[in-house]
Protein chains: 2
Amino acid sequence: MRVTVLAGGVGGARFVRGLRAALEGSDAEITVVVNTGDDLWLSGVRLQPDIDSILYALAGVNDTERGWGRAGETERVSDELRAWDAGWPWFTLGDLDLGTHLARTGWLRDGLTYTQIAERLGSRWPIGVRLLPMTDSEVDTQVVVEDGTRLHFQEWWTRHRATVLARAFENPGIESAVPAPGVVEAITGADVVVLAPSNPVVSIGPILAVPGVREAIADAARVVGISPIIGGKVVRGMADACLTAIGVETSADAVARHYGRRADGGVLDTWLLAEEDADLAPVLIDEGWDVRVRPLWMSDVERAATLARAAITS
Amino acid sequence: MRVTVLAGGVGGARFVRGLRAALEGSDAEITVVVNTGDDLWLSGVRLQPDIDSILYALAGVNDTERGWGRAGETERVSDELRAWDAGWPWFTLGDLDLGTHLARTGWLRDGLTYTQIAERLGSRWPIGVRLLPMTDSEVDTQVVVEDGTRLHFQEWWTRHRATVLARAFENPGIESAVPAPGVVEAITGADVVVLAPSNPVVSIGPILAVPGVREAIADAARVVGISPIIGGKVVRGMADACLTAIGVETSADAVARHYGRRADGGVLDTWLLAEEDADLAPVLIDEGWDVRVRPLWMSDVERAATLARAAITS
């Protein structure tokens, strides 16, 4: 069995860890196409927050207390950067994490692509899945805020905690980007493609915006989406601010309609709705949606595995 | 009084610290033109070993035990880079030191020149001298070894401990480099220019090789050099391997002749010779040299200050 997941960072990482557990012992192949819109240059170093979140979670070296970054992290270099009044002082840069960024930046300088770098990163630990960046091009997400100013997504998200009203999210240059090698094949060749319960706007959105990805999804065998909204609320992060900016209500049915049914030119065949949102199912079913009501909380690997099983067998 | 010093890393740092002490309380202006041939890109980050050695020593944050780097240093990131099999595993990259490199790399990405960066670096602590890179161009020193292979100087120096026979030292692109803004003026406008007791081949050599520097020295008021060889031996480092490569004997008189007298088209007016090498003085004096025999060991700031006083008043 071949499963391909489109994913952002933390929510994507939890889902993929559950999926790996669900398929353990089988000869299933898992490919994760990861959002790279969150990527950024910081003090000349290239960061890829979503790639790293998934990598660390699968390697079991992530900080489960904080919910992001490496376990046992320190911030020696970051403190020093602050003393230099350099970089982005509001961006936490862990020392162990920085090792990853420096390795990546060195490889970039050596001429490796992001795809080749993801392969190298994924080979350090037996993570059991193939990590693919959505594209080898740099198409960082920018946020156009109230007064028309553009901020890098990370600045808006981390510095302003998404409290500055966003008018739009853009990925400059994405119209000329192409999917990274293997992405189209991973989507069209999979038995099932899963849209992880990641941020629909700034995690799944950029992946779908890479020219060629929607076309590949149109050719996919089956596409299942998992609602990132449970009981009318975002599970984590500030996806509601992103949804509001693009005129989508923070509700599980509105997100489903935002993605759309493949039959109508959208990207989904099936939508997994939380038990807390079961009351939204009838209307969606009336509209022709294949909806499954399932427990969506991934509070531990076992629950995430149960959800993953539901997704790939639905 | 205006004093301009041409200097490499550790030896240069000791001398400049002594010079600062010697001139403390006066309104003297000290400018240090620093070799940047040792600079390197490492995992996408720009290192400037000589600039940083002088900076840390003047700021009093240097590790006096090891003789290089920051005091209280750790290597969290470096260990991680090794785990990634990335970068140059034989190059020690301290965490505090890395903060400097990242700040610099970020500023480079922001479009600052090395001159502007040196000014920012020098403004964190009250170092009391002006630091100027020899040039804003990147003219890293390469070593051509026995079999014709080219190595970055740092690889030859740090990894091979200068034990691989060098045939030549080159600074690709230096013919089109220009002195950093202020360098020519600092040399021509100084009451005395001092060649620090740094490596004549790979520290002072690249500075003199920047087109325009020798011309500026020809116009200088007075130029004094300090022998980096004491009792026929290098004080520290592996300058003997460098001297041998360019066909210069490791002796205080051979280095003097390598620099040459200004009267003969060289760069020196006066040569400070160690007491241990006093027997070399008569022949040099016969050849027309202005030679002063002085204690050259800079084992503490007081001795370095005494040497600096001797240099600027000779």
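Everything below is about the structure shown above.
All of these numbers come straight from a predicted model, not from anything done at the bench.

*Asks:* Looking at this structure, how should I read the packing of helix α1 (residues 10-22) of chain A against helix α13 (residues 301-313) of chain A?
*Replies:* Two packed helices can be described by the angle between their axes and the distance between those axes. Residue and element names in this part refer to chain A. Taken N-terminus to C-terminus, the directions of α1 and α13 make an angle of 80°; their axes are 7 Å apart at the nearest point. Judged on the interaxial angle alone, α13 and α1 are roughly perpendicular. For the pair α1 and α13, the contacting residues are Arg-14, Phe-15, Arg-17, Gly-18, Leu-19, Ala-21 and Ala-22 in the first and Val-301, Ala-304, Ala-305, Leu-307, Ala-308, Arg-309, Ala-311 and Ile-312 in the second. For the contact of α1 with α13, the residue count by class is 11 nonpolar, 1 polar and 3 charged.

*Asks:* Explain the pattern of salt bridges to me, please; I cannot follow it from the model alone.
*Replies:* Where charged atoms from two side chains of opposite charge come close, those side chains can pair. Following the criterion strictly, the structure yields 32 salt bridges over all chains and no others. Here A:Arg70 and B:Glu80 are joined by a salt bridge, their closest N and O atoms 2.7 Å apart. Of the two residues, A:Arg70 is situated in the loop between α2 (49-59) and α3 (76-83) and B:Glu80 in helix α3 (residues 76-83); the pairing between them involves two chains. With respect to class, A:Arg70 is no different from B:Glu80; both count as buried. Note that B:Arg150 is salt-bridged to B:Glu170, the shortest N-O span being 2.6 Å. With B:Arg150 in strand β7 (residues 150-152) and B:Glu170 in strand β8 (residues 166-170), this pair connects stretches of sequence that are 20 residues apart. Classification of B:Glu170 as partly exposed rests on a relative accessible area of 30%. One connected set of salt bridges, linked through shared partners, spans A:Arg46, A:Glu138 and A:Asp140.

*Asks:* It is not clear to me how the interface of chain A and chain B should be interpreted in this structure. Could you clarify?
*Replies:* By a widely used convention, the size of an interface equals the accessible area lost when the partners come together. Chain A puts 32 residues into the contact, and the matching count from chain B is 31 residues. With both chains or domains summed, chain A and chain B bury close to 2600 Å², and 66% of this area falls on carbon and sulfur atoms. Considering only the surface of chain A that becomes buried against chain B, A:Arg76, A:Trp84 and A:Leu102 emerge as the three largest contributors, covering 29% of it. For the pair chain A and chain B, the interface holds 4 salt bridges. The tally of links between chain A and chain B comes to 10 residue pairs in polar contact (both at pLDDT 80 or more). Elements with a contribution of two residues or more to the side of chain A that touches chain B: α3, α4 (95-109) and α5 (114-122) of chain A. No other element matches the 11 residues that α4(A) contributes to the side of chain A that touches chain B. Looking at the side of chain A that touches chain B, its residues break down into 16 nonpolar, 8 polar and 8 charged.

*Asks:* Would you take a moment to explain the side chain of B:Thr270 for this structure?
*Replies:* Residue and element names in this part refer to chain B. Structurally, the position occupied by Thr-270 is in strand β13 (residues 270-274). Of note is the side chain of Thr-270, whose polar atom sits 2.7 Å from the side chain of Arg-222. In terms of polar contacts, Thr-270 uses its side chain to reach the side chain of Asp-290, at 2.5 Å. Beyond its immediate chain neighbours, meaning those up to four positions away, Thr-270 contacts Arg-222, Val-223, Val-224, Gly-225, Asp-290, Arg-292 and Ser-314.

*Asks:* How do you make sense of the sheet that holds strand β10 (residues 223-226) of chain B when you look at a structure like this?
*Replies:* Neighbouring strands of a sheet are bound in pairs by backbone hydrogen bonds; such pairs are parallel or else antiparallel. Residues and elements named next belong to chain B. Pairing is parallel across the open sheet formed by 7 strands, whose spatial order is β5-β2-β1-β9-β10-β13-β14. Looking at the sheet topology across the chains shown, the edges are occupied by β5 (130-133) and β14 (290-294). The sheet shows a mean angle of 25° between the axes of neighbouring strands, taken without regard to direction. Sheet analysis places strand β1 (residues 2-7) next to strand β2 (residues 29-34), joined by 6 bridges and oriented parallel. What sits directly across from Arg-2, in β2, is Glu-29. Where helix α1 (residues 10-22) meets the sheet, its contacts fall on β1, β2, β9 (192-195) and β10, and the angle it forms with β1 comes to roughly 165°.

*Asks:* Where do I start with the relation of the copies chain A and chain B in this structure?
*Replies:* What connects the two chain copies is a rotation about an axis and a shift along it. Mapping chain A onto chain B calls for a screw motion: a turn of 180° about the axis and a shift of 0.0 Å along it, with 0.0 Å RMSD after fitting. This pairing of chains is accounted for by a two-fold axis. Both copies share a contact surface, since 97% of the interface residues of chain A are interface residues in chain B too.

*Asks:* Where do I start with the packing of aromatic side chains in this structure?
*Replies:* To describe a pair of aromatic rings, you give the distance between the ring centres and the angle between the ring planes. Residues and elements named next belong to chain A. Overall, the coordinates contain 14 aromatic pairs over all chains when judged by the stated rule. Seen in terms of ring centroids, Phe-153 and Trp-156 are 6.1 Å apart; in terms of plane orientation they differ by 45°. Their pairing is tilted. Taken together, the positions of Phe-153 and Trp-156, both in helix α6 (residues 153-159) and 3 residues apart, correspond to about one turn of that helix. Taken together, the aromatic side chains of Phe-153, Trp-156, Trp-157 and Phe-169 make up a single cluster linked through ring pairs.

*Asks:* Explain the environment of B:Met298 to me, please; I cannot follow it from the model alone.
*Replies:* Residue and element names in this part refer to chain B. As for its placement among the helices and strands, Met-298 is situated in the loop between β14 and α13 (301-313). Note on Met-298: relative accessible area 9%, which makes it buried. For the pair Met-298 and Phe-15, spaced 283 residues apart in sequence, the C-alpha separation works out to 7.4 Å. With residues near it in sequence (within four places) discarded, Met-298 still touches Gly-11, Arg-14, Phe-15, Pro-197, Arg-303, Ala-304 and Leu-307.

Conventions and cut-offs
Residues numbered from 1 in each chain as written. Chains lettered and ligands numbered in written order. Predicted model: local features only at pLDDT ≥ 70, side-chain atom pairs only at ≥ 80, totals over all residues. Heavy atoms only, no water. Axes fitted to C-alpha atoms, helices over the stretch in contact; angles between N-to-C directions. Helix = DSSP H or I, 4+ residues; strand = E, 2+ residues; numbered from the N terminus. Parallel < 35°, antiparallel > 145°, perpendicular 65-115°, else oblique. Contact = heavy atoms within 4.5 Å. Nonpolar A, V, L, I, M, F, W, Y, C, P; charged D, E, K, R; others polar. Salt bridge = Lys/Arg side-chain N within 4 Å of Asp/Glu carboxyl O. Buried < 20%, exposed > 50% of the residue type's maximum accessible area, 1.4 Å probe, protein only. Buried area = accessible area lost by both parts, 1.4 Å probe. Polar contact = N/O pair within 3.5 Å; in protein donor to acceptor, adjacent residues only side chain to side chain. Pairing = 2+ DSSP bridges. Least-squares fit on C-alpha atoms with pLDDT ≥ 70 in both. Phe/Tyr/Trp six-rings, centres within 6.5 Å; stacked < 30°, edge-to-face > 60°.

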